[in-house]
Amino acid sequence: MEIQGLRRRPRRLMLVPCAMQGHINPMIQLGTILHSKGCFSSITVAHTQLNSPSDHTSSHPYFIFQPLLSSDDSSLSSGTDFIDQLSNLNSNCEAPLQELLIQIVKNLEQHEDLPCVIYDPLMYYVKSVADHLKLPSIMFRTSCVTNMLSWYVCPRIKKQGYTPFRDFKSLELVPGLDPLRFKDLPILPSIFENLDAYLQLVTSVQNIGTSSAIIFNSMDCLEQSSLARLQQECQIPIFAIGPMHKLAPEATSISLHEEDRSCITWLDKQATNSVIYVSLGSIASVNEKEIAEMAWGLANSNQPFLWVIRPGLVCGSESKDPLFLPDDFKQTVGERGCIVKWAPQKQVLAHKAVGGFWSHCGWNSTVESISVGVPVICKPFFGDQQINTRYISHVWRVGIELENDFEREDVERAIRRLMVENEGEEMRQRAADLKLKTEFCIQKGSSSYNSLNDLVELIKSV
Ligand code: UDP
């Protein structure tokens, strides 16, 4: 506990996640990992939207949960006004967080150091609050390293007048971001309509300012070159500590939806590697025609499937039962299909019956499938999902991209390629190799293990 001859003082941690499932999960995992190190006097989770925080208190007794807003003011959903919603959330949370931190600092024991704040950069107001109160802060980015790298490179090449930026389908390689093509960048046509607001958001989110470090739920074996390139761009330490759910296997998810565990009983009855698990994450949505094409593609593939249709997956379906589907589809698939509103995904992916994952390729889903060696059919929607798809299909070669719009024939074909044909078997083999590499990353002395220890030392000393 000695640093430069001084006795280290205990330190409290404050975690500030963003109110989206794919952002809450890794933040809770990181908090659990840091708690397991046993060197922080308390860990507070300052949150906006969570389901019944009282339940979380019992499943995570080592966290103090502190709501910042009433639940009506705090939810975030996808859609064209996402940037506006995010900016409102950022303005509304600033005063409550500042008040909370002032109270925490006032109540510090004499022997305690100032608290350290770990925040999701989508909650960029946290940075200003921490800076204002002169508290150390650390950014935790829940997407891949390559995504952040692209945010550095893109504005630069845009300034140089690169025209493919306006062609969202351009297959030209992005200078400095090989193997990404312009098509893979997280810049959507809808964003171009509101480019100024988007660039302002990028600047706010990107702003590392006086942050002491950046954390990623990633691994050397997945993104070594992007990590090295990003480290050249940023002057502060970057820690790739993943897969976090493997480092914190006991971290119970804080699910914004109720998990339906009956699907595990259904999986128990299926043959090894026979089931395609289908989930498009917590935000992406499809229209009624697309859901019908998905349904008939799955039905016609003749493979068993486990399909998550969460409330809101089909645009405009929030108020009706999301498991509505035509009777002739239900009769065709019978017991071969299991449909739930929300699944215990990590457990599903680790089940021996699951041989493939049709995913929107959010970063958590990507890391979760890679760490159990399940190959992927990629159908990205927005944000970093296209980047993850490029890496899955082109760099790690553990999946295929469903390129066109949803058409049942394409869906059926992709499922057969992955689940039945040799091509899929080869991907499964590569996925198994990659799984071993991710397991190695968390072994004593390996990259994620060392990064975690370095991070803990940094937090203790900032
Ligand atoms: N998830 C889950 N059950 C489901 C679907 C998703 O537990 O039925 C979890 C999944 O394990 C992952 C998160 O929700 O941790 C989704 O995060 P991701 O980054 O993949 O996508 P996002 O939802 O942010 O688009």
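To start, this report covers the structure provided alongside it. (Residues numbered from 1 in each chain as written. Predicted model: local features only at pLDDT ≥ 70, side-chain atom pairs only at ≥ 80, totals over all residues.)

1. Things to note about the nonpolar core
Alright, step 1. Formed by 126 residues in total, the largest nonpolar core has its most connected members in Val126, Ile215 and Leu306.
Alright, step 2. A domain split of this core shows at least three residues from each of domain 1 (11–142 + 208–242 + 444–461) and domain 2 (262–440).
Alright, step 3. Setting aside residues up to four positions removed in sequence, Leu306 forms contacts with Cys263, Leu267, Val275, Tyr277, Val278, Cys338, Ala343 and Val348. (Core = buried A, V, L, I, M, F, W, Y, C linked by C-beta atoms within 7 Å. Buried ≥ 20, exposed ≤ 12 C-beta atoms within 10 Å, placed from the backbone. Domains from an automatic or database assignment. Contact = placed C-beta atoms within 7 Å.)

2. What to know about the pairing of strand 11 (residues 305–308)
Alright, step 1. Side-chain alternation along strand 11 places Phe305 and Trp307 on one buried face and Leu306 and Val308 on a second face that is also buried.
Alright, step 2. Since strand 10 (residues 275–279) and strand 11 lie parallel, the crossover through helix 11 (residues 288–301) that links them has a hand, and here it is right-handed.
Alright, step 3. Examined bridge by bridge, strand 11 and strand 12 (residues 337–340) share four bridges and lie parallel to one another. Residue pairing in the sheet places Leu306 in a bridge with Cys338 of strand 12. (Helix = DSSP H or I, 4+ residues; strand = E, 2+ residues; numbered from the N terminus. Right-handed = clockwise from strand over helix to strand, strands pointing away. Pairing = 2+ DSSP bridges.)

3. Quick look at the sheet that holds strand 6 (residues 116–119)
Alright, step 1. Strand order in this open sheet of seven strands is 5-4-3-6-7-8-9, and the pairing throughout is parallel. Taken across any chain shown, the strands that pair with only one partner, and hence form the sheet edges, are strand 5 (63–67) and strand 9 (238–240). Averaged over all neighbouring strand pairs, the angle between strand axes comes to 20°, with direction disregarded.
Alright, step 2. Where strand 7 (residues 137–141) and strand 8 (residues 214–216) come together, three bridges link them in parallel fashion. Bridge pairing in strand 8 places Arg141 opposite Phe216.
Alright, step 3. Here helix 18 (residues 447–461) sits on the sheet in contact with strand 3 (11–16), strand 6, strand 8 and strand 9, set at roughly 135° to strand 9. (Axes fitted to C-alpha atoms, helices over the stretch in contact; angles between N-to-C directions.)

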